[in-house]
Amino acid sequence: MGRNEWKSVSSLDKMHNDNLIFYLSNSNSKYSLQKTAPKKTAIINQTVDFTDRSEINIYNDDYVNGFPKVIDSTFKPEKHLLVFESDPLENSTIISGSLKASLKISTNKKDIDVEIQLYEKTAKGQYFALTNNLQRASLAKDRTKRQLLTPNKIETIDIEQTFIISKELEKGSSIVIVLGANKNPNWEVNYGTGKNVSDETISDAKEPLKIKWYSDSTITLPILKL
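Scope of this entry: the structure provided in the associated data block. (Residues numbered from 1 in each chain as written. Predicted model: local features only at pLDDT ≥ 70, side-chain atom pairs only at ≥ 80, totals over all residues. Heavy atoms only, no water.)

## Concerning the pairing of strand S10 (residues 155–159)
- Burial of S10 is one-sided: the residues Glu155, Ile157 and Ile159 facing one way are buried, the residues Thr156 and Asp158 facing the other way are not.
- The sheet contact formed by strand S7 (residues 100–107) and S10 spans 5 bridges and is antiparallel. If you follow Ser102 over to S10, its bridge partner there is Asp158. (Buried < 20%, exposed > 50% of the residue type's maximum accessible area, 1.4 Å probe, protein only. Helix = DSSP H or I, 4+ residues; strand = E, 2+ residues; numbered from the N terminus. Pairing = 2+ DSSP bridges.)

Here it is as structure tokens:
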């Protein structure tokens with residue numbers, strides 16, 4: 001996309017030949033993506049109230065993989081999600097492959113369903129939806145065996161198997177990462193008790209989810225340099 005060209009490669013790992021790595025930042029009360037690793041790890045605190053159902057975004061037939069629109073001039077993420085934005089790109093950049101993330105977090109719960117979304121924000125202010133993913137933390141290391149988190153311990157949640165994308169981002173565009181915990185009823189809501197998630201109910205949501213996101217977390221985008 002963006003170049004309106006077809007390309008083919010012999011294997012998925014040849015879709016890209018470089019990576020663009022970002023770190024989370026909350027400097028000057030603004031969430032941002034930084035290319036430089038933080039000299040000192042900072043903490044971004046977040047509280048998610050699962051009992052608050054005032055904002056329920058039910059998907060309909062017009063949605064594309066959970067996105068209400070692929071291209072939109074307005075951007076209204078659900079209020080329990082954090083929005084991180086990069087500086088404008090100095091050159092056009094081709095993202096080609098699967099987004100990866102290594103998230104350093106601690107939480108007061110035994111599990112969490114991490115939601116991550118990727119957008120291009122063009123220089124004209126339009127938002128182009130690129131990909132999204134849900135990762136149950138307890139299944140991040142092994143999809144066949146659930147490994148619960150230790151409350152209030154720093155854990156690493158790796159996100160690796162995300163949808164493939166291939167698009168040239170315009171010069172002047174910014175990269176937007178939306179990050180948080182899923183509480184959308186379109187998916188099975190994980191309240192983090194450690195019980196079988198299918199057996200959890202709204203009564204398990206009495207204690208709000210508290211997350212600490214650490215700034216040495218990384219978001220890795222596969223880049224194709226021509």
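## Structural notes on the pairing of S7
- When you tally the buried positions in S7, you get 6 out of 8 residues, the bulk of the element.
- Alignment of S7 against strand S14 (residues 218–224), held across 3 bridges, turns out to be antiparallel. Directly across from Ala101, in S14, lies its bridge partner Ile219.
- Two elements, S7 and strand S13 (residues 209–214), share 3 bridges in a ladder whose sense is antiparallel. Each residue of the ladder has a partner; that of Ser106, found in S13, is Lys212.

## Overview of the side chain of Glu200
- Among the secondary structure elements, Glu200 is positioned in the loop between strand S12 (174–181) and S13.
- One buried charged side chain, Glu200, makes no salt bridge at all; its nearest oppositely charged neighbour is Arg146, positioned 5.7 Å away.
- Among the polar contacts made by the side chain of Glu200, one reaches the main-chain amide nitrogen of Tyr191 at a distance of 2.9 Å. (Lys, Arg positive; Asp, Glu negative; His and termini not counted. Salt bridge = Lys/Arg side-chain N within 4 Å of Asp/Glu carboxyl O. Polar contact = N/O pair within 3.5 Å; in protein donor to acceptor, adjacent residues only side chain to side chain.)

## Considerations on the nonpolar core
- Leu103, Ile112, Ile175, Trp213, Ile219 and Leu221 are the most contacted members of the largest nonpolar core, which has 40 residues in total.
- With 4 residues, S12 is the largest single contributor of residues to this core.
- Core analysis: the next-biggest nonpolar cluster, separate from the first, contains 7 residues, Phe67, Tyr119, Ala129 and Val178 among them. (Core = buried A, V, L, I, M, F, W, Y, C linked by side-chain atoms within 4.5 Å.)

## Digging into the side chain of Asn108
- In this fold, Asn108 is placed in the loop between S7 and strand S8 (113–121).
- Only 3.1 Å separates the side chain of Asn108 from the side chain of Glu207, close enough to count as a polar contact.
- A polar atom in the side chain of Asn108 sits 2.8 Å from the backbone nitrogen of Lys210.
- If sequence neighbours within four positions are ignored, Asn108 has contacts with Pro151, Asn152, Glu207, Pro208, Leu209 and Lys210. (Contact = heavy atoms within 4.5 Å.)

## Regarding unusual backbone geometry
- Despite not being glycine, Asn4 shows a phi value in the positive range, around 55 degrees.
- In this structure, Asn152 takes a positive phi of about 65 degrees despite not being glycine.
- Relative accessible area serves as the criterion here: at 63%, Asn152 is assigned to the exposed category.

## With respect to the environment of Ile211
- Mapped onto the secondary structure, Ile211 falls in strand S13.
- A C-alpha to C-alpha distance of 8.9 Å links Ile211 and Ala181, two positions 30 residues apart in sequence.
- Ile211 has contacts with Ile44, Asn45, Gln46, Val48, Ile105, Ser106, Ile112 and Ala181, leaving out every residue within four places of it along the chain.

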